[in-house]
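Tertiary structure, described
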Amino acid sequence: KAGVTQTPRYLIKTRGQQVTLSCSPISGHRSVSWYQQTPGQGLQFLFEYFSETQRNKGNFPGRFSGRQFSNSRSEMNVSTLELGDSALYLCASSLYPGRGTEAFFGQGTRLTVV
Amino acid sequence: AQTVTQSQPEMSVQEAETVTLSCTYDTSESDYYLFWYKQPPSRQMILVIRQEAYKQQNATENRFSVNFQKAAKSFSLKISDSQLGDAAMYFCAYRSVNYGGSQGNLIFGKGTKLSVKP
């Protein structure tokens, strides 16, 4: 069974640009969550999608957005990039949201904003 | 709001020895889940062990076990017979029970970097 696939693995963008990251969950998983990981702030929750609906959103500005498609694949978009957006972005997939269901993580996308 | 605290930024253990990583959390909920995740240099987060708050029995997974003290809001991870491959960042995480509500995300501690000496 294929794991969680995130593309691209690495990205370098310039301030002010926008970026789209992709996450393909494990087959059969319908819940996808996104996290931002930085040395200073650690792992912070961005948003969670289930059956194409955003169920939960973290405390991030509106520049951060996401969506989920009917095949459960998810994308997140960051507009008007700032230097502080440089981070490792992790995607996690689960059968269902919440509870004790295990979240399986991808290897992340390393975004560098210059 | 729930918080998770890992007070040991770095730990070191000799190969084959035992090490305990600490984690405390704050919550007003009575039902929740706790997790330990491992993040090796490859960056992929891997679930090590999971504990359900309503279960008093401490979870174990091979060489990994937890000491769950609900009243003290403490959730430590013990790694026995440490191996070189155990070297990684370890994150403690909390998750609310999500009975159709909106709060189901993982809340992570800052992590503990574990080094294993040969």
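To be clear, the structure that these remarks concern was listed above.
So, here is what we can say about the structure in this document. (Residues numbered from 1 in each chain as written. Chains lettered and ligands numbered in written order. Predicted model: local features only at pLDDT ≥ 70, side-chain atom pairs only at ≥ 80, totals over all residues. Heavy atoms only, no water.)

**Overview of the overall build of chain B**
Counting its secondary structure elements, chain B contains zero helices and 12 strands. From first element to last, N terminus to C terminus, chain B shows the α and β order β-β-β-β-β-β-β-β-β-β-β-β. Computed over its C-alpha atoms, the radius of gyration of chain B comes to 14 Å, within 12% of the 13 Å expected for a compact globule of 118 residues. Counting only C-alpha atoms, chain B reaches 45 × 30 × 25 Å along its principal axes. Here chain B holds 118 residues, and 49% of them are scored as buried. Counting only carbon and sulfur atoms, one obtains 46% of the accessible surface of chain B, whose full area is about 5,700 Å². (Helix = DSSP H or I, 4+ residues; strand = E, 2+ residues; numbered from the N terminus. Rg over C-alpha atoms; globule rule 2.2 N^0.38 Å. Buried < 20%, exposed > 50% of the residue type's maximum accessible area, 1.4 Å probe, protein only. Areas by Shrake-Rupley, 256 points an atom, 1.4 Å probe, with all protein chains shown as cover.)

**Some thoughts on the overall build of chain A**
Across its full length, chain A carries zero helices and 11 strands. For chain A, the N- to C-terminal ordering of α and β elements is β-β-β-β-β-β-β-β-β-β-β. Here the C-alpha radius of gyration of chain A, 13 Å, is about what a compact globule of 114 residues would show, namely 13 Å. For the C-alpha atoms alone, the extent of chain A along its principal axes is close to 35 × 25 × 25 Å. For chain A, the share of sequence-separated contacts (at least 6 apart) that also reach a separation of at least 24 residues comes to 54%. With an accessible surface of roughly 5,200 Å², chain A has 48% of that area assigned to carbon and sulfur atoms. When the 12 positive and 6 negative side-chain charges of chain A are each reduced to one mean point, those points stand 2 Å apart. (Contact = heavy atoms within 4.5 Å. Lys, Arg positive; Asp, Glu negative; His and termini not counted. Charge placed at Lys NZ, Arg CZ, Asp CG, Glu CD.)

**Overview of the nonpolar core**
Residues and elements named next belong to chain B. Of all hydrophobic cores here, the largest spans 25 residues; its most connected members are Y25, W36, F75, L77 and Y90. Looking at this core, the elements that each hand over two or more residues are β3 (19–21), β5 (32–39), β6 (46–52), β8 (64–69), β9 (74–79), β10 (88–96) and β12 (112–117). At four residues, β10 tops the list of elements feeding residues into this core. Discounting chain neighbours no more than four positions away, the residues touching Y25 are T3, V4, Y32, L34, F68, Q69, K70, K73, S74, F75 and Y94. (Core = buried A, V, L, I, M, F, W, Y, C linked by side-chain atoms within 4.5 Å.)

**What about the interface of chain B and chain A?**
Every contact between the two is made by 24 residues of chain B and, on the other side, 28 residues of chain A. Overall, the association of chain B and chain A removes approximately 2,200 Å² of surface from exposure, summing both partners, and the carbon and sulfur fraction of that is 43%. Along the contact surface separating chain B from chain A lie zero salt bridges. Inspection of the region where chain B meets chain A yields 10 residue pairs in polar contact (both at pLDDT 80 or more). Elements with a minimum of two residues in the side of chain B that touches chain A: β5, β6, β10 and β11 (106–108) of chain B. The dominant element in the side of chain B that touches chain A, judged by the number of residues it contributes, is β5(B), at four residues. (Buried area = accessible area lost by both parts, 1.4 Å probe. Salt bridge = Lys/Arg side-chain N within 4 Å of Asp/Glu carboxyl O. Polar contact = N/O pair within 3.5 Å; in protein donor to acceptor, adjacent residues only side chain to side chain.)

**Structural notes on the sheet that holds strand β1 (residues 5–7) of chain A**
Picture the strands of a sheet paired through backbone hydrogen bonds; they go either parallel or antiparallel. Residue and element names in this part refer to chain A. Sheet architecture is open: four strands sit in the order β1-β3-β8-β7, paired in antiparallel fashion. Each having just a single partner strand, β1 and β7 (64–68) make up the two edges of the open sheet. Neighbour to neighbour, the strand axes of the sheet diverge by 15 degrees on average, direction disregarded. Of the pairings in the sheet, the one linking β1 to strand β3 (residues 19–24) comprises three bridges and is antiparallel in character. Following the sheet pairing, T5 is matched in β3 by S24. (Pairing = 2+ DSSP bridges. Axes fitted to C-alpha atoms, helices over the stretch in contact; angles between N-to-C directions.)

**A look at the environment of B:P40**
All names here are of chain B. Relative to the helices and strands, P40 is located in the loop between β5 and β6. A relative accessible area of 18% means that P40 is categorised as buried. Separated by 73 residues in sequence, P40 and K113 place their C-alpha atoms 9.6 Å apart.

**Points about the state of the cysteines**
Think of a disulfide as a covalent bridge from one cysteine sulfur atom to another cysteine sulfur atom. This structure, assessed with the given rule, holds two disulfides over all chains. The disulfide bridge from A:C23 ends at A:C91, spanning 1.7 Å between sulfur atoms. Between A:C23 and A:C91 the sulfur-sulfur dihedral comes to about -55 degrees; the bridge is accordingly left-handed. Of this pair, A:C23 sits in strand β3 while A:C91 sits in strand β9 (residues 87–94), placing them 68 residues apart in sequence. Assigned by exposure class, A:C23 and A:C91 land together as buried. A sulfur-sulfur separation of 2.0 Å characterises the disulfide bridge that pairs B:C23 with B:C92. As the torsion about the S-S bond is roughly -70 degrees, the B:C23-B:C92 disulfide counts as left-handed. Taken as a pair, B:C23 in the loop between β3 and β4 (24–26) and B:C92 in strand β10 lie far apart in primary sequence, 69 residues in all. Across this residue pair, the class does not change: B:C23 and B:C92 are buried. (Disulfide = S-S within 2.5 Å.)

None of this, on its own, says anything about what the molecule does.
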